[in-house]
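Tertiary structure, described
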Amino acid sequence: MESEKSLTDKNRRNFLKGLSLTVGALTLGLPHLASATGHTGKPGSRILHDSYPNPQQKDKLGIALVGLGQYSTGQLAPALQQTDDCYLAGVVTGTPAKAEEWKRRYNIPDKNVYNYDNYDEIASNPDIDIIYIVLPNSMHAEYTIRAAKAGKHVICEKPMATSVEDCQRMMDACKQNNVKLSIGYRLHFEPHNKRVMELGQQKEFGAVQRIEGANSMVVDGDPDIWRLDKKLSGGGPLMDVGIYAVQGACYTMGMKPDSVTASFGKVTRPDYFDDVEQSISWKMEFPGGVVADCKSSYNESASRLYGKAKNGWWELDPAYSYAGIKGKTHKGPMNLPHVNQQARQMDDFAQCVKTGRETPVPGEMGKRDVEIMMAIYEAARTGNKVKLS
Ligand code: NAD
């Protein structure tokens, strides 16, 4: 089952108190520092940051986490203790008490701690090479664009944004500022999911005939959380966890669907689900007619990716969790290693920055998935089949 389970949102008020963005801060014409893109060398080799005021050599690139909520605290910071090509160099938080705790726990110097007011000043900090946006979904666009303007490479959490237009603005900003952009699609670095990509795309068991995907979790407790507030989340379980089933279908096929149909499930808990959907089912039709049948809900638990091919089948269950993914095919268990997905994902991006290689999870992929999810919502609202461009 998807592990994005703990949905407390205690810091929201603190954050809002601390957040006093001024238009000036947003539009500051801060000096743009060229990035470290384009350096040659093998992963882990020493690189020269000739664009920084004090040229220096680095084995490990510095990452700053923006937003110290559940995912940063429980997964990303611990993963950054296991990375080879990057390390936790800084944080951006609206909560001073958290800043103190993180400084102590991770030995982060004062000069690498920012809040949402002085965030743009990160531009002149040579310790920070990569900014990782781990904020509520509708904030991804603004903080990615500001990171790009500060001349920093960006990892942005999924979903990339809450509109296709925002995704495009993020990609444009990164391109204009010559920085790399990747999306936090950790499963592209997970052996079982990689095996499914191979089985589906290389047709090891023949052509894919059918896909099923489900990713759901139970949301209860405080109903006043950003995930249930459409302005911040962009939608319900589809945007949050169903996105993994969308991804699973696309990477099984190695392409995007032609069209989608969808329907919202019944709302049995209106006290929670008066703004975002409680559950949604959808079908993605791929070129050639293969259909992926998917579901996502905030009122049950599921984590599954199944593929049926001409001469066999495979199944991951759980498919999308941080740990404990299990896979089998018609021949038996997959027997693949378990890895720290986030550590692999961040190391891979750091290597991309060091060597100039393209990330396998770029902004284009994030935008594709937001396009698909917007089409799924339109199909559920209208009852029509919605074609994708
Ligand atoms: P969270 O609620 O635990 O943390 C959100 C953080 O944003 C908090 O530190 C909070 O203080 C801060 N924040 C700033 N402005 C806020 C506002 N207006 N309202 C509420 N919080 C605000 O959430 P999370 O689970 O850490 O998720 C953060 C992002 O990471 C989301 O985009 C989510 O989709 C993504 N995520 C990805 C994975 C994954 O497996 N890749 C897992 C969990 C979360």
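No experiment lies behind these values; they were computed from the predicted model shown. (Residues numbered from 1 in each chain as written. Predicted model: local features only at pLDDT ≥ 70, side-chain atom pairs only at ≥ 80, totals over all residues. Heavy atoms only, no water.)

Right, let's get into the sheet that holds strand β17 (residues 386–387). Pairing within the open sheet is mixed, and its 9 strands lie in the order β16-β15-β14-β13-β9-β12-β11-β10-β17. The two strands at the open ends of the sheet, each matched to only one other strand, are β16 (332–333) and β17. Sheet analysis places strand β10 (residues 259–264) next to β17, joined by 2 bridges and oriented antiparallel. For Val 260, the partnering residue across the bridge sits in β17 and is Val 386. Set on the sheet, helix α7 (residues 191–201) makes contact with β9 (208–216), β13 (302–309), β14 (312–316) and β15 (327–329); between it and β14 the angle comes to about 155 degrees. (Pairing = 2+ DSSP bridges. Helix = DSSP H or I, 4+ residues; strand = E, 2+ residues; numbered from the N terminus. Contact = heavy atoms within 4.5 Å. Axes fitted to C-alpha atoms, helices over the stretch in contact; angles between N-to-C directions.)

Our focus in this paragraph is the site of the ligand. Among the 27 residues in the neighbourhood of the ligand, the closest are listed as Gln 70, Asn 137, Lys 158, Arg 186 and Trp 226. Between the ligand and Leu 68, the relevant distance is 3.4 Å, taken from an oxygen atom to a main-chain nitrogen or oxygen of the residue. About the coverage of the ligand: the protein hides 96% of its 830 Å² of free accessible area. Here the shell around the ligand takes 3 residues from helix α1 (residues 11–18), the largest share from any one element. Counted by class, the shell around the ligand contains 11 nonpolar, 7 polar and 9 charged residues. (Near = heavy atom within 4 Å. Polar contact = N/O pair within 3.5 Å; in protein donor to acceptor, adjacent residues only side chain to side chain. Areas by Shrake-Rupley, 256 points an atom, 1.4 Å probe, with all protein chains shown as cover. Nonpolar A, V, L, I, M, F, W, Y, C, P; charged D, E, K, R; others polar.)

Val 66, Ile 133, Val 260, Trp 282, Met 284 and Ile 376 are the most contacted members of the largest nonpolar core, which has 81 residues in total. Broken down by element, the residue count for this core peaks at 10 residues, all from helix α9 (residues 237–253). For Trp 282, the contacting residues outside a window of four places in its chain are Leu 238, Gly 242, Ala 245, Val 246, Thr 261, Ala 262, Ala 292, Asp 293, Cys 294, Lys 295, Ser 296 and Ile 376. Residues Leu 65, Leu 88, Tyr 106 and Phe 349 belong to the second largest nonpolar core, which totals 27 residues. (Core = buried A, V, L, I, M, F, W, Y, C linked by side-chain atoms within 4.5 Å. Buried < 20%, exposed > 50% of the residue type's maximum accessible area, 1.4 Å probe, protein only.)

Right, let's talk about the packing of α9 against helix α11 (residues 363–382) for a bit. In the contact formed by α9 and α11, the axes pass within 10 Å of each other and the chain directions differ by 110 degrees. Classified by the angle between their axes, α9 and α11 sit roughly perpendicular to one another. Our pair here, α9 against α11, has a crossing hand that is right-handed. Across from Leu 238, Met 239, Ile 243, Val 246, Gln 247 and Cys 250 in α9, the residues of α11 making contact are Met 365, Arg 368, Asp 369, Ile 372, Met 373, Met 374, Ile 376 and Tyr 377. Across the contact of α9 with α11, the residue classes break down as 11 nonpolar, 1 polar and 2 charged. (Parallel < 35°, antiparallel > 145°, perpendicular 65-115°, else oblique. Left-handed = near helix turned anticlockwise from the far one by under 90°.)

Okay, the side chain of Asp 347 next. Structurally, the position occupied by Asp 347 is in helix α10 (residues 341–355). No salt bridge forms around the buried Asp 347; measuring N to O, its nearest opposite-charge neighbour Lys 60 is 7.0 Å away. Aside from chain neighbours lying at most four places away, what touches Asp 347 is Thr 83, Asp 84, Asp 85 and Cys 86. (Lys, Arg positive; Asp, Glu negative; His and termini not counted. Salt bridge = Lys/Arg side-chain N within 4 Å of Asp/Glu carboxyl O.)

Moving on, we get to the pairing of β13. Inspection of the sheet shows β9 paired to β13 by 8 bridges, in the antiparallel sense. Bridging from a neighbouring strand, Val 208 pairs with Ala 309 of β13. Where β13 and β14 come together, 5 bridges link them in antiparallel fashion. Bridge assignment links Lys 308 to a residue of β14, and that residue is Trp 313. Here β13 folds back onto β14, and the loop between the two strands holds 2 residues.

Here the focus is the packing of aromatic side chains. Throughout the structure, instances matching the rule amount to 10 aromatic pairs. An angle of 50 degrees between the planes, with centres 5.3 Å apart, marks the rings of Trp 102 and Tyr 106 as tilted. Of this pair, Trp 102 and Tyr 106 are both found in helix α4 (residues 96–106), 4 residues apart, which corresponds to roughly one turn of the helix. Tyr 106 carries the same exposure label as Trp 102, and that label is buried. An aromatic cluster is defined as three or more aromatic residues linked by ring pairs; in this entry it consists of Tyr 116, Tyr 119 and Tyr 143. Cation over ring: Arg 269 sits above Tyr 272, and NZ or CZ is 4.4 Å from the ring centre. (Phe/Tyr/Trp six-rings, centres within 6.5 Å; stacked < 30°, edge-to-face > 60°. Lys NZ or Arg CZ within 6 Å of the ring centre and 35° of its normal.)

Before going further, it helps to spend a moment on the confidence of the model for the protein. Taken residue by residue, the protein gives an average pLDDT of 88. The fraction at 70 or more is 85%. Note on residues 1–56: pLDDT under 50 across the span, and 130 contacts to partners over four residues away in sequence or across chains. (pLDDT = per-residue confidence, 0-100.)

What follows is about α11. The periodicity of an α-helix, 3.6 residues per turn, causes residues three or four places apart in sequence to face the same way. Compared with an ideal rise of 1.5 Å per residue, which puts 20 residues at 28 Å, α11 spans 28 Å between its outermost C-alpha atoms and is within 8% of the ideal. Burial of α11 is extensive: 14 of the 20 residues sit out of reach of the surface. Immediately beyond the C-terminal end of α11, within one or two residues, lies Gly 383, with a positive phi of roughly 80 degrees. (Expected span 1.5 Å × (residues − 1).)

It is worth spelling out the layout of surface pockets at this point. In this model, the second largest pocket occupies a volume close to 280 Å³. Lining the second largest pocket are 15 residues; nearest its centre among them are Val 179, Lys 180, Leu 181, Glu 358 and Glu 364. Elements represented by at least two residues in the lining of the second largest pocket include exactly α6 (164–176) and α11. With 5 residues, the single largest contributor to the lining of the second largest pocket is α6. Residue classes in the lining of the second largest pocket are distributed as 5 nonpolar, 5 polar and 5 charged. (1 Å grid on protein atoms, 1.4 Å probe; cavity = no way out; pocket = protein on both sides within 12 Å on 5 of 7 lines; lining within 4 Å. Points joined across faces, edges and corners; volume = space filled by probe spheres on them.)

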